[in-house]
Amino acid sequence: MEAVLTRDEAVARPERAVPRKIEARVNSITSLAEDVNAFEFVRADGSALPAFTAGSHIDVHLPGGTIRQYSLCNPATERHHYVVAVLRDTAGRGGSVAMHDMLRAGQTVTISVPRNHFGLSADAARHVFIAGGIGITPIMAMIHDVQRRGEAFHLFYCARAPQRTAFLDVLQPLIDAGDVSMHFDGGDPCNRLDLARTLAQYAPGTHLYYCGPSGLMDAIETASAHWPEGTRHCERFSAAGAPAHTAEDRADQRPDTPFEVELRRSRQTFTVQPGESIADVLRGHGVDVDMSCCEGYCGTCMTRYLEGEPLHRDTVLDADDREEFVMICCARSKSPTLVLDI
Ligand code: FES
């Protein structure tokens, strides 16, 4: 049950879907490495799942109401299942521990339609990937895609030790072929990948994709600062290290003022006061709004707007997205009224 995507469908434009929910079933849970499990979701009614592109993630609605985002690691040509790999992180916010400790095969769970803010570039002549630990998950789907299309790539995969490294067996042929370099540091910073050296030379046509712990992400960002605009792509599932706002947003230092938020479809209008978020106000009036990070980096609350000028304060939407969507957990409005497609 596979759908073959054209190159354009696969890489050109990430899904712009506002989150929609799918009733799914946990079909299997498989150990990939120490503290890392793969969770396979199928549609509860057995039908095909919506298509996705490499780099996409889904929301998983966990027992107790928590919503967390996990990247899909299976090939984007597959429609019969979604697979995510999750590290059980006891220092995290509890989502990964709940995934490991509460989800069981056969259980029904709500997930979202995949969203992609970390797509492959259609213009790249060569792709360079850097993955840190469980940050490998979206990159596995990307590697499937570039391999299928015969495009040049190299993966630098940084991890602590082989027994804690997911997908090592799957990647072994690529390691043997020289397309993947493993970097085990054993917890010693001196053994880490030399990012400054690795990223010093920019070769025209190369695009860089990276995902991993925030310290690694920050170091990559610094080491590749001289790369041309638009050639670096990353995804963070934590606010740590992420720029709070874009440069444009930072330049806009106006104090928060009240504004009206109009829900066009349900014909309701509410006032958002300084210090309140749009999402809080909507929830306070009984409007069903999905939220997860509440800080503008996960994409769960993405909402289409129809009129008005948002003051964006997220770290997810690009310039094209911002013409159409707004993150209602953190955005405000420059215009007196912001009209949402709700
Ligand atoms: S809830 Fe995460 S971006 Fe709004």
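Scroll up a little and you will see the structure.
What this report covers is the structure whose coordinates are included nearby. (Residues numbered from 1 in each chain as written. Predicted model: local features only at pLDDT ≥ 70, side-chain atom pairs only at ≥ 80, totals over all residues. Heavy atoms only, no water.)

### Some details on the nonpolar core
Okay, step 1: Ranked by internal contacts, the top residues of the largest apolar core, which has 31 residues, are Phe129, Ile139 and Leu155.
Okay, step 2: Those elements that provide at least two residues to this core are β2 (36-43), β5 (82-87), β7 (126-132), α3 (136-148), β8 (152-159), α4 (168-176), β9 (180-184) and β10 (206-211).
Okay, step 3: For this core, the element with the highest residue contribution is α3, accounting for seven residues.
Okay, step 4: Domain assignment of the residues forming this core places at least three in each of domain 1 (7-112) and domain 2 (126-234). (Core = buried A, V, L, I, M, F, W, Y, C linked by side-chain atoms within 4.5 Å. Buried < 20%, exposed > 50% of the residue type's maximum accessible area, 1.4 Å probe, protein only. Helix = DSSP H or I, 4+ residues; strand = E, 2+ residues; numbered from the N terminus. Domains from an automatic or database assignment.)

### Observations concerning the environment of His144
Okay, step 1: Locating His144 in the fold gives a position in helix α3.
Okay, step 2: Separated by 69 residues in sequence, His144 and Pro75 have C-alpha atoms that sit 5.7 Å apart.
Okay, step 3: Non-local contacts of His144, meaning those with residues more than four positions away in its chain, are made with Cys73, Asn74 and Pro75. (Contact = heavy atoms within 4.5 Å.)

### Some words on the pairing of strand β14 (residues 302-307)
Okay, step 1: The sheet contact formed by β14 and strand β16 (residues 325-327) spans three bridges and is antiparallel. Paired with Met302 across the strands is Met327, a residue of β16.
Okay, step 2: Where β14 and strand β18 (residues 337-340) come together, two bridges link them in antiparallel fashion. Note that in β18 the partner of Tyr305 across the bridge is Leu340. (Pairing = 2+ DSSP bridges.)

### Looking at the side chain of Gln69
Okay, step 1: With respect to the helices and strands, Gln69 occurs in strand β4 (residues 67-71).
Okay, step 2: With a relative accessible area of 7%, Gln69 lands in the buried category.
Okay, step 3: Looking at Gln69, its side chain comes within polar contact range of the side chain of Asp59, at 3.1 Å. (Polar contact = N/O pair within 3.5 Å; in protein donor to acceptor, adjacent residues only side chain to side chain.)

### Comments concerning the sheet that holds β9
Okay, step 1: In space, the five strands of this open sheet follow the order β9-β8-β7-β10-β11, with parallel pairing throughout. Edge positions in the sheet fall to β9 and β11 (232-234), since each has one partner strand and no second. Put simply, the sheet's adjacent strands are angled 15° from each other on average, direction ignored.
Okay, step 2: In this structure, β8 lies alongside β9, joined through five bridges in parallel fashion. Bridge pairing in β9 links Phe156 to Ser181. (Axes fitted to C-alpha atoms, helices over the stretch in contact; angles between N-to-C directions.)

### Focus: the packing of aromatic side chains
Okay, step 1: Counting across every chain of the model gives four aromatic pairs.
Okay, step 2: Aromatic side chains Phe52 and Tyr82 sit 5.7 Å apart centroid to centroid with 85° between the ring planes, which places their arrangement in the edge-to-face category. Here Tyr82 lies in strand β5 and Phe52 lies in the loop between β2 and β3 (57-61), a separation of 30 residues in the sequence.
Okay, step 3: Between Tyr202 and Trp227, the aromatic rings sit 4.9 Å apart at their centres with planes inclined by 65°, giving edge-to-face as the arrangement. Linking Tyr202 in the loop between α5 (195-198) and β10 with Trp227 in the loop between α6 (214-223) and β11, this pair joins segments that are 25 residues apart in sequence.
Okay, step 4: Tyr202 gets classed as partly exposed once you look at its relative accessible area, which sits at 25%.
Okay, step 5: Taken together, the ring pairs connect Phe129, Phe153 and Tyr209 into an aromatic cluster. (Phe/Tyr/Trp six-rings, centres within 6.5 Å; stacked < 30°, edge-to-face > 60°.)

### Looking at the pattern of salt bridges
Okay, step 1: By the definition in use, this model includes 18 salt bridges.
Okay, step 2: Across the pair Asp341 and Arg265 runs a salt bridge, and its minimum N-O distance is 2.9 Å. Residue Asp341 is located in the segment after β18, and its partner Arg265 is located in the loop between β12 (259-263) and β13 (268-272); the two are separated by 76 residues in the primary sequence.
Okay, step 3: One network of salt bridges, with partners in common, ties together Asp145, Arg148, Arg149 and Glu151. (Salt bridge = Lys/Arg side-chain N within 4 Å of Asp/Glu carboxyl O.)

### Regarding the environment of Ile58
Okay, step 1: Assignment of secondary structure puts Ile58 in strand β3.
Okay, step 2: Once the C-alpha coordinates of Ile58 and Arg115 are considered, the two residues, 57 residues apart in sequence, prove to be 6.4 Å apart.
Okay, step 3: If we skip the residues at most four places from it in the chain, Ile58 touches Phe41, Arg68, Gln69, Tyr70, Leu72, Tyr82, Val84, Ile111, Ser112, Val113 and Pro114.

### Here's the deal with the sheet that holds strand β1 (residues 21-33)
Within a sheet, each strand pairs with its neighbour through backbone hydrogen bonds, oriented either parallel or antiparallel.
Okay, step 1: The strand order across the open sheet formed by six strands is β4-β3-β6-β1-β2-β5, and the pairing between neighbours is antiparallel. Since the sheet does not close on itself, it has two edges, and those belong to β4 and β5, each with one partner. For this sheet, the mean inter-axis angle between neighbouring strands, taken without regard to orientation, is 40°.
Okay, step 2: With six bridges connecting them, β2 and β5 associate as antiparallel partners. Directly across from Ala38, in β5, lies its bridge partner Ala85.
Okay, step 3: Packed on one face of the sheet, helix α2 (residues 95-102) meets β2, β3, β4 and β5 and runs near 110° to β5.

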